[in-house]
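# Structure assessment
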Amino acid sequence: YVDLYLTNFSNLDVNGNLIINSGATLYSNSHNIYCAGNWTNSGTFDPGTNTVTFDGSSNQNVTTGGDQFYNLTMLNTSTGTSLLDNATVSNTLTLTDGAITTGPNYLILSSNNASDLQPASPTNASFVNGNLRRNITSNTSTYEIGRAHV
């Protein structure tokens, strides 16, 4: 089992699958991670204050193992990303390109700041297809449903 600490460089760009094995820990030390393949976490992921960007060109499967993302950006130029378990984003979720399909799982945005969902309204280019949980602190909010909102 090996722990990996990201230090002395600006970002980690994984052009294949990123796998965190059982007993191992990936410490981002607040460096950004770009993942073009599947994200499989059977160990521990410590995000610090980084951004994980899913930037693949085909469907990507994500298994979080219960660990959170600090910032998460969707930039998949194909069909998007499928959640194989619940995924929590503790700060900002940015939907730029590609859908996040949850199936029976949940994408949870735990921040209660309205500005932590970008863009503020879903687009045809990127949206959550499935279950989205979000903290709301006022009576006026946009609810993201598929490619539109009500």
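Values in this document were obtained by computation on a predicted structure and should not be read as measured data.

## Section: empty space enclosed by the protein
This structure, assessed with the given rule, holds one cavity of 30 Å³ or more. In this structure, the largest cavity spans a volume of roughly 30 Å³. For the largest cavity, the full set of lining residues is Phe54, Phe69, Leu72, Met74, Thr81, Leu83, Ala87 and Ile100. When residues in the lining of the largest cavity are grouped by element, the largest group, four residues, is from strand E10 (residues 71-83). Classifying every residue of the lining of the largest cavity by side-chain character gives seven nonpolar, one polar and no charged.

## What to know about the pairing of strand E9 (residues 60-63)
The two faces of E9 differ: Gln60 and Val62 on one face are buried, but Asn61 and Thr63 on the other face are not. Summarising the sheet, strand E6 (residues 39-41) and E9 pair through two bridges and their orientation is parallel. Paired with Thr40 across the two strands is Thr63, which belongs to E9. By the bridge criterion, three bridges tie E9 to E10 in an arrangement that is parallel. If you follow Val62 over to E10, its bridge partner there is Leu83.

## Considering the nonpolar core
Soluble globular proteins: nonpolar side chains tend toward being buried together. Counting 25 residues, the largest nonpolar core has Trp39, Phe54, Phe69 and Leu93 as the members making the most contacts within it. Elements with a contribution of two residues or more to this core: strand E3 (18-20), strand E5 (32-35), strand E8 (51-54), E10, strand E11 (87-89) and strand E12 (93-109). If we ignore the near neighbours within four places in the chain, the residues touching Phe69 are Trp39, Phe45, Val52, Phe54, Val62, Thr64, Ala87, Thr88, Val89 and Ser90.

Rules and cut-offs
- Residues numbered from 1 in each chain as written.
- Predicted model: local features only at pLDDT ≥ 70, side-chain atom pairs only at ≥ 80, totals over all residues.
- Heavy atoms only, no water.
- 1 Å grid on protein atoms, 1.4 Å probe; cavity = no way out; pocket = protein on both sides within 12 Å on 5 of 7 lines; lining within 4 Å.
- Points joined across faces, edges and corners; volume = space filled by probe spheres on them.
- Helix = DSSP H or I, 4+ residues; strand = E, 2+ residues; numbered from the N terminus.
- Nonpolar A, V, L, I, M, F, W, Y, C, P; charged D, E, K, R; others polar.
- Buried < 20%, exposed > 50% of the residue type's maximum accessible area, 1.4 Å probe, protein only.
- Pairing = 2+ DSSP bridges.
- Core = buried A, V, L, I, M, F, W, Y, C linked by side-chain atoms within 4.5 Å.
- Contact = heavy atoms within 4.5 Å.

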